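# Structural description and commentary
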Amino acid sequence: RTYDLFRKVGEKWELWMSWPKDKCWKFGTCDPAASTRNTSDYTAAAAWCVTPQNDLLRLEVFRKKIELQHIVPSMHELCLRHRLRYLAIEDVGFQKMVVDEARRFPGMPPVRAISLGQAGKLERAHPAIIRAEAGQVYLPEKAPWMEDFLSEVTIFTGEKDKDAHDDQVDNL
């Protein structure tokens, strides 16, 4: 059964225009993938603002198929651009190496390793779905990444064999 969860949620998402971003603190998320092959996942990352009301503003999306040696420098640039307080990186398998390298990278903000445990994709997406349904996730009115982002999250099912790419859902 396909749940089509984010399609229902996406209809309720608010667009943000002029939020007082100086009153927010910022962090980043990253789901590394280390290959440029056509069948590979993307390295996906996002920069976020957290408002005084604990709403989330999505500032930027990084989504590219890049080689392993380019992941940490690319994440460092994202952190510098948005002056992120910390960067959370998924640390399953080879990603542990990315976490270690990021922690050693000069000028990188603190890195938090995110262990996913045994939870499936759908279970891991539930907190994001709940926040979005509650109107606590804001997207910019226009962004070069918006079409791809909304396309991916609105067809997300949580089923590995049905979701061609879910890297941006992992960043929610």
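Structural notes, computed from the coordinates. Note that this is a predicted model, so its numbers are computed, not measured.

### Observations regarding the overall build of the protein chain
- Broken down by element type, the protein chain carries six helices and seven strands.
- Mapped in sequence order, the helices and strands of the protein chain form the string α-β-β-β-β-α-β-α-β-α-β-α-α.
- Counting every position in the protein chain, which comprises 172 residues, the buried fraction comes to 47%.
- Put simply, of all contacts in the protein chain between residues at least 6 apart along the chain, 67% involve residues at least 24 apart.
- Surface summary for the protein chain: the accessible area is close to 9,400 Å², and the carbon and sulfur share equals 51%.

### Observations concerning the pattern of salt bridges
- With the rule as written, the count across this model stands at two salt bridges.
- A salt bridge links Arg81 to Glu60; the shortest N-O distance between them is 2.9 Å. Pair noted here: Arg81 is in helix H2 (residues 68–82) and Glu60 is in strand E4 (residues 56–64), with a separation of 21 residues, a long-range link.
- In this structure Arg81 comes out as partly exposed when scored by relative accessible area, which is 45%.
- Between Lys96 and Asp91 there is a salt bridge, and its shortest N-O distance comes to 3.9 Å.

### A closer look at the packing of H2 against helix H3 (residues 95–104)
- The geometry of H2 relative to H3 is characterised by a closest axis approach of 10 Å and an angle of 45° between their N-to-C directions. Taken together, the axes of H2 and H3 lie oblique to each other. The chirality of how H2 crosses H3 is right-handed. Along the contact surface, H2 presents Leu68, Ile71 and Val72, while H3 presents Met97, Val98, Glu101 and Ala102.

### So, the side chain of Gln95
- Here Gln95 lies in helix H3.
- Taking the relative accessible area as the measure of exposure, Gln95 reaches 5% and is therefore buried.
- Within the local environment of Gln95, its side chain forms a polar contact with the backbone nitrogen of Val92, the two atoms lying 3.1 Å apart.
- The contact partners of Gln95, leaving out residues within four places of it in the chain, are Asp31, Pro32 and Glu90.

Cut-off values and rules
Residues numbered from 1 in each chain as written. Predicted model: local features only at pLDDT ≥ 70, side-chain atom pairs only at ≥ 80, totals over all residues. Heavy atoms only, no water. Helix = DSSP H or I, 4+ residues; strand = E, 2+ residues; numbered from the N terminus. Buried < 20%, exposed > 50% of the residue type's maximum accessible area, 1.4 Å probe, protein only. Contact = heavy atoms within 4.5 Å. Areas by Shrake-Rupley, 256 points an atom, 1.4 Å probe, with all protein chains shown as cover. Salt bridge = Lys/Arg side-chain N within 4 Å of Asp/Glu carboxyl O. Axes fitted to C-alpha atoms, helices over the stretch in contact; angles between N-to-C directions. Parallel < 35°, antiparallel > 145°, perpendicular 65-115°, else oblique. Left-handed = near helix turned anticlockwise from the far one by under 90°. Polar contact = N/O pair within 3.5 Å; in protein donor to acceptor, adjacent residues only side chain to side chain.

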